[in-house]
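Below, each chain spelled out in residue letters.
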Amino acid sequence: MQTRTLQPALIGLLFILAGCDRFTQTAEPSSSSSGTEVSSPVSEPDVSAEASADLSEASESASASEVALADFPHDDPTKLVSGSGSGYAEVSNWAPGICFPIQSVAYANSQVYSPGGDHYPTTSASNHGSQCDAKNYAYPWHDNFCEARSWTNPVCASGSGHQGQDIRPSTCKANLYWAIAAEDGTVTQVGSYTVAITGNATPHRIYRYLHMQKASVQVAVGDHVVRGQKLGLVSNNLGVSNGVQQYTTIHLHFEVRVAQAETMSDGKQLAANAFVPPYAALVDAYQRRLSGDCAAATP
Amino acid sequence: MAAIMAAMTGAADAQALQGNNGPPAVLQRRPLPPAPVQWQAVLDRLARVRASRQGPGVVARLVKSELDKTELPVLLPREGVLDTAKARLMSFGDAYALDLPQPKGVHITAYGNRTFLPAPAGAVSRRPITRLKDVAEDIRITQMEDGWTATFTRYGMVYSLDVSCDDAAAPECKTDGFLKTVITQFDDVGLGARAQAEAERFRANANQTGSLVDQLTKSFRDLTKGG
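All values derive from a computational prediction rather than experimental measurement. (Residues numbered from 1 in each chain as written. Chains lettered and ligands numbered in written order. Predicted model: local features only at pLDDT ≥ 70, side-chain atom pairs only at ≥ 80, totals over all residues. Heavy atoms only, no water.)

Observations concerning the confidence of the model for chain A
With 76% of its residues at a pLDDT of 70 or more, chain A has an overall mean of 80. Counted against residues more than four places away or in other chains, residues 1-67 of chain A, with its pLDDT under 50, gives 122 contacts. (pLDDT = per-residue confidence, 0-100. Contact = heavy atoms within 4.5 Å.)

The structure is reproduced here in structure tokens:
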């Protein structure tokens, strides 16, 4: 975890961001408790007000402290929650300069090895706690790229693992916080709970956003989006299976793919599209967010 | 905002994101120069598919302005098996995406790109490969959270084919079988104005080179005759 000394203004900022008032809102999300997804769009004014409040806190503090980058408590890239997987070693910022993809205070951590997750260790075999546990809505951030999964992922020491980063929004409420465009780009795929954006600039990264509320999605395939533009509301939507709505925890699954070329010993290049760890880029983006970056975007 | 992106993308190859008290140095990777298109292979393939297909193919359904600004060959499915009625091409010049919505919430998205980032050792070579009948390239298939993706190199470019499903239980996403069908269907190729111009330049150069070789060969024969 980062132990760098924080300037007083930033300590104040962190106090605001991690204030207890945020952690008192731990009621189960209405969509989960009712067993049905809220299909009506969340009223725009309420959402904007919440998001604006989050961002103005960051902007004011950053402005007052006049620092280039704010810091916040976070584990180092590649450090996974103990027992959650073999992890990875490659540390690159694969998406420098991106806009942090949620328009609120946010918490990057595991959905499986944290309270409410299937593998969160408790004394009970069946009760793994609540996803709204305050531990899930607090710093430090935890990397969960390469968390144990069966999906092929050569970046992971084990050869398989989670292909993105899970991020919880400010509070344990579905359909309230906007997912926003990481980069200027074009919407290249929209599903019932997914949006993909391809960056306009080389190397044309592919960003995928999962688990947004279907009714809230603001974009369609072919739309041009600008960095920070609203895409849809972070939700617990896992699509409909055999006619039945499926749910996950309230979070954004954010993944990045790039075209890569590996130079072999004979000098030839072996190229492929690949998932890359987004955590280092997200830490950097969040530090800039706390300093005001992307705060005024979202048309 | 764009300035921030540009400045950071152009930053040094390696820089410390954190301070000096422990965190690992975070690298930034500059894109490699655009990969050259293997135009001879493209022209060969184009000649084969034009000879075998009925009609103009899916390329006729793409928006011309998007196709025309695309520098690289656009991989396309043959008509008949996949639903191509709503095919939509989005071009970035040196890259593109092709959206191909299918019935029942199944999505096919194809990506092509000629700009690569340098990858660490093993990032590509460690990935398992699949060989498919009638497909020349090594295919790398990966399951995703909501479907499957395949990536391969053709004509020197990197291509991906994604199959994702609104319903995770949909047969198209339960296994990689449908994705493999999709890969075998994508054996057509489309060229827009920029790509065609490049291909023509290649052909002209090739003809010029061929002509030069012919002339040299003739001169050599003439010389040896005289000796």
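Notes on the side chain of B:D94
Mapping B:D94 onto the fold places it in the loop between β4 (88-91) and β5 (95-102). Despite being buried, B:D94 has no salt bridge partner; B:R114 is the closest side chain of opposite charge, sitting 6.7 Å away. A polar contact of 2.5 Å, which involves the side chain of B:D94, links it to the side chain of A:H204. The residues touching B:D94, leaving out its near neighbours within four places in the chain, are A:T202, A:H204, B:E71, B:L72, B:N113, B:R114 and B:T115. (Helix = DSSP H or I, 4+ residues; strand = E, 2+ residues; numbered from the N terminus. Buried < 20%, exposed > 50% of the residue type's maximum accessible area, 1.4 Å probe, protein only. Lys, Arg positive; Asp, Glu negative; His and termini not counted. Salt bridge = Lys/Arg side-chain N within 4 Å of Asp/Glu carboxyl O. Polar contact = N/O pair within 3.5 Å; in protein donor to acceptor, adjacent residues only side chain to side chain.)

Overview of the interface of chain B and chain A
When the parts of a complex come together, some accessible area is lost, and that lost area is often taken as the interface size. The interface of chain B with chain A comprises 60 residues on the first partner and 73 residues on the second. Summing the contributions of chain B and of chain A, the shared interface buries around 5,600 Å²; its carbon and sulfur component is 57%. Between chain B and chain A we count 3 salt bridges in total. Our count for the chain B to chain A interface comes out at 31 residue pairs in polar contact (both at pLDDT 80 or more). Among the elements that take part in the side of chain B that touches chain A, strand β8 (residues 140-144) of chain B stands out by supplying 5 residues, more than any other. (Buried area = accessible area lost by both parts, 1.4 Å probe.)

Some details on the pairing of β5(B)
All names here are of chain B. Most of β5 is tucked away: 7 of the 8 residues are buried. Pairing geometry for β4 and β5, over 4 bridges, is antiparallel. In the strand pairing of β5, L89 is matched with L98. The hairpin formed by β4 and β5 contains 3 residues between the paired strands, and G93 there has a positive phi angle of roughly 85°. In terms of strand pairing, β5 meets strand β6 (residues 106-113) through 8 bridges, oriented antiparallel. In the sheet register, L98 faces β6, and the bridge partner there is A110. (Pairing = 2+ DSSP bridges.)

Observations concerning the pattern of salt bridges
Inspection of the entire model under this criterion finds 22 salt bridges over all chains. Across the pair A:E90 and B:R29 runs a salt bridge, and its minimum N-O distance is 2.7 Å. With A:E90 in the loop between α4 (44-65) and β1 (92-93) and B:R29 in the loop between β2 (26-28) and α2 (39-52), this residue pair bridges two chains. On the accessibility criterion, A:E90 (15% relative accessible area) is buried.

Structural notes on the sheet that holds β8(B)
Remark on secondary structure: sheet strands pair via backbone hydrogen bonds, oriented parallel or antiparallel. Residues and elements named next belong to chain B. The antiparallel open sheet is built from 6 strands, whose spatial order is β4-β5-β6-β10-β9-β8. Here the strands that pair on one side only, and so sit at the sheet edges, are β4 and β8. Strand-to-strand twist in this sheet, taken as the mean axis angle between neighbours without regard to direction, amounts to 15°. Inspection of the sheet shows β8 paired to strand β9 (residues 147-154) by 5 bridges, in the antiparallel sense. The residue bridging M144 from the neighbouring strand is G147, located in β9. Strands in contact with helix α5 (residues 177-185) are β6, β8, β9 and β10 (157-165); relative to β10, the strand with the most contacts, it is inclined by about 140°. (Axes fitted to C-alpha atoms, helices over the stretch in contact; angles between N-to-C directions.)

Examining the state of the cysteines
In the structure shown here, the tally under the stated rule is 4 disulfides over all chains. Each sulfur in the disulfide pair A:C146 and A:C156 lies 2.1 Å from the other. Across the S-S bond linking A:C146 and A:C156, the dihedral sits near -95°, which makes this disulfide left-handed. Taken as a pair, A:C146 in the loop between β2 (107-108) and β3 (165-168) and A:C156 in the loop between β2 and β3 lie far apart in primary sequence, 10 residues in all. The two residues A:C146 and A:C156 agree in class, both being buried. A sulfur-sulfur distance of 2.0 Å marks the disulfide that ties B:C165 to B:C173. (Disulfide = S-S within 2.5 Å.)

A word on the packing of aromatic side chains
Taken as a whole, this structure holds 15 aromatic pairs over all chains when the rule is applied. When the centroid spacing of 6.2 Å and the interplanar angle of 75° are considered together, the rings of A:Y107 and A:Y137 count as edge-to-face. Of this pair, A:Y107 sits in strand β2 while A:Y137 sits in the loop between β2 and β3, and the two are 30 residues apart along the sequence. Judged by its relative accessible area of 0%, A:Y107 falls in the buried class. With centroids separated by 6.3 Å and ring planes inclined at 55°, the aromatic side chains of B:Y96 and B:Y159 adopt a geometry described as tilted. Of this pair, B:Y96 sits in strand β5 while B:Y159 sits in strand β10, placing them 63 residues apart in sequence. Take B:Y96: its relative accessible area is 1%, and that puts it in the buried class. Taken together, the aromatic side chains of A:F72, A:F100, A:Y107, A:Y137, A:Y139, A:W141, A:Y279 and A:Y286 make up a single cluster linked through ring pairs. (Phe/Tyr/Trp six-rings, centres within 6.5 Å; stacked < 30°, edge-to-face > 60°.)

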